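# Working through the structure, step by step
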Amino acid sequence: MASMCSSVSNSSRFLASKPSSSSSCRSKSKLSTIRCAIGEIISEAKVSSSTEPLLLSAVKGEKVERPPVWLMRQAGRYMKSYQLICEKYPSFRERSENVDLVVEISLQPWKVFKPDGVILFSDILTPLPGMNIPFDIVKGKGPIIYDPLRTAEDVSKVREFVPEEFVPYVGEALTTLRAEVKNEAAVLGFVGAPFTLASYVVEGGSSKHFSKIKRMAFSQPEVLHALLQKFTTSMAQYIKYQADHGAQAVQIFDSWATELSPADFEEFSLPYLKQIVDSVKSTHPNLPLILYASGSGGLLERLSLTGVDVVSLDWTVDMAEGRRRLGADVAVQGNVDPGVLFGSKDFITKRINDTVNKAGNHKHILNLGHGIVVGTPEENVAHFFEVAKGIRY
Ligand SMILES: Cc1c2[nH]c(c1CCC(=O)O)Cc1[nH]c(c(CCC(=O)O)c1C)Cc1[nH]c(c(CCC(=O)O)c1C)Cc1[nH]c(c(C)c1CCC(=O)O)C2
């Protein structure tokens, strides 16, 4: 039914109005039926509770007054305040492994834009040293794995990750963030998915053609499977650890899974993602899990087979089509081209309204289709949040 709403594209059914200063007004509405502007009833929804962050209510399908909004990579290089910290602390590892810096950087976008999600400042590669895989992130080069894994023997040396032992600063930072943010926004944790992590450690860093991991996949699949299983067990533990220390939802980044054909995704990514989701749901059934894969248009239906609560779309798929293909049970996030933030303010407003209209008025988290690009004007990010927070269904 949501697709019927979505079929009215490009009309401004949800109009941006002035941003609301009060989060409590969310709880005041007693409407229990969601209607889209052309009048179809698309679902019966429970009224959200006032103490819960908007993002969590939206994921559950409760009635909310507007879509919650946050941005992937909202903490980082496009912010002047972050660049100042980088001057003082030039090492990415230090910035992301020192509790005070992690908290300060995570809160930078929160203080300025008041997003509905505050993501931990960290990296998907942060667990690697704890698994016996040293890495660094070098300015201008990106991630570097000093000893890329290529053989069964290399993989046998990979240790299972024990978050309490190796990244206690992550737990401490999440607990502090919860206290700082109160329940005005959801504190978000994240992990890398097994295939995406494997791509970094086998390739030795970022990659264009993924030839080394494909050589492993297509000539020694048992070696890759052994590595993927180690990441699977470790990342399931890491998600639980993040939830136990304050994360209210966790995003799984399988950024490069879409380098795989659908059949290869079914062998080298899907079963491991499903295993992570099943494991987390068995102990933390109420923790929302969000899955992001860049360029995922060809794999959408398969992404929802993982059992995640939210699928984050990039901008190569139309939001209305994405919703239709994913089905009503899955919440959607994302979809706005990060390049839109280089456009005029009017253009940004229009694209936000288009996306929100196409997503329909429930189970939608407004976000970009990938991380904010370095060089994005901060005033455009401010405009994005102001418009987004002024929307009323
Ligand atoms: C693939 C991936 C990585 N890291 C991440 C992914 C998945 C998301 C995606 O697909 O973009 C996830 C990530 N990395 C970072 C965050 C912070 C939280 C946030 O604000 O969203 C998150 C969620 C900080 C970071 N991680 C990194 C930066 C930039 C380096 C810096 O600020 O010093 C930031 C802010 C480094 C990094 N780390 C990685 C890359 C490709 C890079 C960029 C290299 C470069 O361009 O220099 C690996």
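If you're wondering where the values come from, they're calculated on a predicted model, not measured in any experiment. Position labels on residues start from 1 in each chain and follow its written sequence. Only residues with pLDDT of 70 or above have their local features reported here, since the model is predicted, and side-chain atom pairs are shown and tallied only from 80 upward, although totals for entire chains, interfaces and linings are computed over all residues. With hydrogens and water set aside, each side-chain value is computed from the structure's full complement of heavy atoms.

As a matter of local geometry, the ligand sits amid 22 residues, with Arg73, Tyr82, Arg95, Asp123 and Ser255 nearest to it. We define a polar contact as two N or O atoms separated by no more than 3.5 Å, with the added condition that, inside protein, one atom must be a possible hydrogen donor and the other a possible acceptor, whereas residues neighbouring each other in sequence contribute only through side-chain atom pairs. The contact in question runs from an oxygen atom of the ligand to an N or O atom on the side chain of Arg77, over 3.1 Å. Here an oxygen atom of the ligand sits 2.6 Å away from a polar atom, N or O, in the side chain of Tyr82. Here the ligand loses 89% of its free accessible area of 860 Å² to cover by the protein chains. When atom positions are compared with the pocket grids, the ligand is found to occupy the largest pocket. Proximity is defined per residue: any heavy atom of the residue falling within 4 Å of a molecule or strand makes that residue near it. Residue burial considers only the protein chains on display, and all accessible areas are found by Shrake-Rupley using a 1.4 Å probe. Cavity and pocket criteria rest on a 1 Å grid covering protein atoms alone: a 1.4 Å probe that fits but cannot get out defines a cavity, protein on both sides within 12 Å along at least 5 of 7 lines defines an open pocket, and an atom within 4 Å of a point defines a lining residue. Whether a molecule lies in a cavity or pocket depends on its atoms, and more than half of them have to be within 2 Å of the grid points.

Moving on to the packing of aromatic side chains. Stacked, tilted and edge-to-face pairs are distinguished by plane angle, under 30 degrees for stacked and over 60 for edge-to-face with tilted covering the rest, among Phe, Tyr and Trp rings (Trp via its six-membered ring) whose centres lie within 6.5 Å. What the rule picks out here adds up to eleven aromatic pairs. Centroid distance Phe210 to Trp256: 6.2 Å. Interplanar angle 50 degrees. Geometry classified as tilted. A residue pair is termed long-range when its members are at least 10 positions apart, and Phe210 in the loop between helix H9 (194-203) and helix H10 (211-219) and Trp256 in the loop between strand E7 (249-253) and helix H12 (262-268) qualify at 46 residues. Burial classes: relative accessible area under 20% of the type maximum marks a residue as buried, over 50% as exposed, and values in between as partly exposed (1.4 Å probe, protein chains only). The exposure class of Trp256 is partly exposed, given its relative accessible area of 25%. For a lysine, the NZ atom is tested; for an arginine, the CZ atom; a charge sits over a ring if that atom is within 6 Å of the ring centre and within 35 degrees of the ring normal. Here the basic side chain of Lys114 rests over the ring of Trp110, its NZ or CZ set 4.7 Å away from the ring centre. Going along the chain from the N terminus, every DSSP run of H or I of four or more residues is numbered as a helix, and every run of E of two or more is numbered as a strand.

In this section: the pattern of salt bridges. For this document, the term salt bridge refers to a Lys or Arg side-chain nitrogen within 4 Å of an Asp or Glu carboxyl oxygen. By the definition in use, this model includes 13 salt bridges. Put simply, Glu97 and Arg93 hold a salt bridge, and the shortest N to O gap is 2.4 Å. In this pair, Glu97 and Arg93 both sit in helix H4 (residues 92-97), four residues apart, roughly one turn of the helix. Classification of Glu97 as partly exposed rests on a relative accessible area of 23%. Under the relative-accessibility criterion, Arg93 is labelled partly exposed at 21%. Its salt-bridge partner being Glu266, residue Arg302 comes within 2.6 Å of it at the nearest N-O pair. Taken together, the residues Arg302 in helix H14 (residues 300-304) and Glu266 in helix H12 connect sequence positions 36 residues apart. On the basis of relative accessibility, which here comes to 24%, the residue Arg302 falls in the partly exposed class. The structure contains a network of salt bridges with shared partners spanning Glu52, Lys60 and Glu62.

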